[in-house]
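# Observations on chain architecture
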Amino acid sequence: MASEQNQSHIHLASKVGIIGAGISGIAAAKQLSGYSPVVFEATDSIGGVWKHCSFTSTKLQTPRCDYEFSDYPWPERENSTFPSHVEILEYLHGYATHFDVLKFIKFNSRVIEIRYVGDRSTDNIQQKLNSKTSTEYGNLLKGHPVWEVAIENNQSQTVQWYAFEFLVVCIGKYGDIPKMPSFPPNKGQEVFQGKVLHSLDYSKLDKETSRALLKGKKVAIVGYKKSAIDLAIECAEANQGPDGQSCTMVIRTLHWTVPSYRIWGLPFFLFYSTRSSQFLHERPNQNLFRTLFLSLLSPMQRAISKFIESYLVWKLPLVKYGLKPDHPFVEDYASCQMAILPENFFAEADKGKIEFKKTSKWWFWNGGIEFEDNTRLEADVVLLATGYDGKKKLQAVLPEPFRSLIVDDSGIMPLYRGTIHPLIPNMAFVGYIESVSNLHTAELRCTWLARLADNVFKLPSVEKMLTQVTEEMQVMKRTTRFYKRHCISTFSINHSDEICEEMGWNAWRKKNWLSEAFSPYSSQDYIDEEEN
């Protein structure tokens with residue numbers, strides 16, 4: 001906690017403060033550059049998870065042309081390969097340099113406390129929260145400080161306070177705080193005689209150290225999403241040759257994996273990423289006619305999911321290894337959990353370098369992992385690819401009563417347009433809503449946010465914003481059991497349409513109706529025409 005005496009040394013540096021210099025942070029800084037924002041980055045570099053949570057094998061999950069800023073295309077955007085995390089960092093540095101964003105960033109500056117000073121009376125704040133159904137959100141910029149932020153410099157250990165009219169939180173859901181499994185008494189990692197690392201800890205190792213950790217060791221990898229798959233590949237590659245050990249993936253929930261962006265020879269975007277394909281899926285605020293029409297089209301929606309599943313079962317040895325999920329493919333796509341497989345993943349499994357164990361419960365014993373069926377797996381190293389606790393990370397910096405508003409009854413952070421919490425004044429959150437391309441999602445919402453700050457348009461009432469958010473949550477719940485990831489992939493174009501309409505842009509961004517119906521949307525479709 002920052003000491004009370006530091007409050008007298010407030011630095012009135014800017015109207016706008018931004019926390020985090022990952023993808024969302026630098027996008028927000030570029031869009032809000034007219035306000036000379038101050039960006040606080042806890043580390044010594046930009047890039048966020050691409051810098052601090054990546055492995056040697058980490059690559060982008062989408063083609064590079066689907067993961068680029070609207071006004072800064074990749075140098076070789078037609079290259080169909082998936083760029084590595086190193087290439088992505090180079091691209092992000094190029095963007096930040098090109099738009100002179102780095103001058104706004106204070107590196108090695110960790111946020112240790114945030115205070116609300118817009119209304120000094122806690123009672124008044126609570127009254128506003130209680131009367132949410134009849135209040136207006138108001139302007140983002142009040143003309144006076146609303147938030148005070150305490151910053152600790154990692155190098156000097158000094159603390160400074162800054163005051164802002166508007167604060168943008170871009171620390172994201174991933175990294176920093178690992179999500180750790182819980183165990184019964186005397187069955188946690190303290191009884192295990194080997195080494196346990198979360199994927200966050202593993203990502204901090206250099207290539208030689210990580211290889212030495214895995215080579216010749218019996219390794220268990222807990223998880224079956226992208227990080228776990230990348231870890232399995234690195235483990236297999238470190239254990240080539242007759243003396244190499246196999247690594248075992250311990251899987252609680254299976255998810256669909258895709259070998260490439262083509263299904264039975266057809267480009268993947270045709271199934272979910274065009275207006276015509278998303279027309280088959282429920283969207284928020286649809287009228288009764290559309291609801292009835294969708295019920296008639298539901299067999300087609302299921303058929304598309306089955307069509308993709310049939311290809312994946314044919315193309316990949318999912319049945320052979322017991323890796324065919326019980327839920328439909330569309331549920332993984334709708335929750336942004338579709339993982340692209342490395343080319344050699346099942347080749348390593350065929351060689352016996354990657355093995356699989358499906359279980360719902362497991363715990364440690366001194367020699368490894370024990371499962372609910374009373375079988376045991378010997379292990380020297382256990383790697384936990386169990387994700388991150390983004391909500392806890394956010395709650396750690398926000399003060400009450402706002403901290404308790406981060407998660408609603410559904411377990412989701414209620415954000416209007418994926419950006420504004422209707423009950424938290426003069427603060428925005430970027431990077432907390434997911435789609436197929438999180439970079440595109442973040443950039444468009446930062447563009448929207450900048451125009452909102454400029455008073456180009458006004459927000460609806462708090463009541464209307466909460467209603468909109470609730471409707472989106474209900475759509476997600478009806479679409480996928482994994483709805484808590486807050487993914488809008490099955491209605492992302494409609495979501496972007498509504499954002500464009502609020503900004504005064506045309507919602508339909510293509511040149512002709514044929515492209516509107518059957519070609520995918522990307523960041524290039526949302527270039528700000530006023531800047532070009």
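Right above here is the structure, for reference.
Residues numbered from 1 in each chain as written. Predicted model: local features only at pLDDT ≥ 70, side-chain atom pairs only at ≥ 80, totals over all residues. Heavy atoms only, no water.

Applying the stated criterion across every chain yields a total of 42 aromatic pairs. Aromatic ring contacts, followed pair by pair, group F82, Y261, F268, F271, Y272, F307, F329 and Y333 into a single cluster. The aromatic ring of W365 is capped on one face by R376, whose charged end is 4.3 Å from the ring centroid. (Phe/Tyr/Trp six-rings, centres within 6.5 Å; stacked < 30°, edge-to-face > 60°. Lys NZ or Arg CZ within 6 Å of the ring centre and 35° of its normal.)

Let's shift gears to the state of the cysteines. One pass over the full model with this rule turns up one disulfide. Disulfide pairing places C336 opposite C487 at an S-S distance of 2.0 Å. What sets the handedness of the C336 and C487 disulfide is the S-S torsion sign, and at about 70° it is right-handed. Of the two residues, C336 is situated in the loop between α11 (329-334) and β15 (339-340) and C487 in the loop between α15 (462-479) and α16 (492-503); the sequence distance between them amounts to 151 residues. Neither C336 nor C487 differs from the other in exposure class; each is buried. (Disulfide = S-S within 2.5 Å. Helix = DSSP H or I, 4+ residues; strand = E, 2+ residues; numbered from the N terminus. Buried < 20%, exposed > 50% of the residue type's maximum accessible area, 1.4 Å probe, protein only.)

Another aspect to go through is unusual backbone geometry. Cis geometry marks the peptide bond from E400 to P401, where omega comes out at 5°. Its place among the elements puts P401 in the loop between α13 (390-395) and β21 (427-429). Phi at C336 takes a positive value of approximately 60°, unusual for a residue other than glycine. Phi angles above zero are rare outside glycine, and N455 is one such case at about 65°. Residue placement: N455 occurs in the loop between α14 (438-453) and α15. Look at N455 and you get partly exposed, because its relative accessible area is 39%.

Counted at 1.5 Å a residue, the expected span for α15 with its 18 residues is 26 Å, and the 26 Å between its end C-alpha atoms agrees. Looking at α15, one finds that the buried residues are V462, M465, L466, Q468, V469, E472, M473, V475, M476 and T479. (Expected span 1.5 Å × (residues − 1).)

Right, let's get into a nonpolar patch on the surface. On the surface, a nonpolar cluster with roughly 490 Å² of combined accessible area is contributed by W264, L266, L270, F307 and W314. Position of W264 relative to the elements: it lies in the loop between β13 (262-263) and β14 (266-267). Owing to a relative accessible area of 38%, W264 belongs among the partly exposed residues under this scheme. (Patch = residues over 30% accessible without salt bridge, like charges linked within 9 Å, V, L, I, M, F, W, Y side chains within 5 Å. Areas by Shrake-Rupley, 256 points an atom, 1.4 Å probe, with all protein chains shown as cover. Salt bridge = Lys/Arg side-chain N within 4 Å of Asp/Glu carboxyl O.)

Strand order in the open sheet formed by three strands is β17-β18-β19, and the pairing between neighbours is antiparallel. This sheet does not close on itself; its edge strands, each paired only once, are β17 (362-365) and β19 (376-378). Direction aside, the axes of adjacent strands within the sheet are offset by 30° on average. Where strand β18 (residues 368-371) lies against β19, three bridges are found, and the strand directions are antiparallel. Following the sheet pairing, E370 is matched in β19 by R376. (Pairing = 2+ DSSP bridges. Axes fitted to C-alpha atoms, helices over the stretch in contact; angles between N-to-C directions.)

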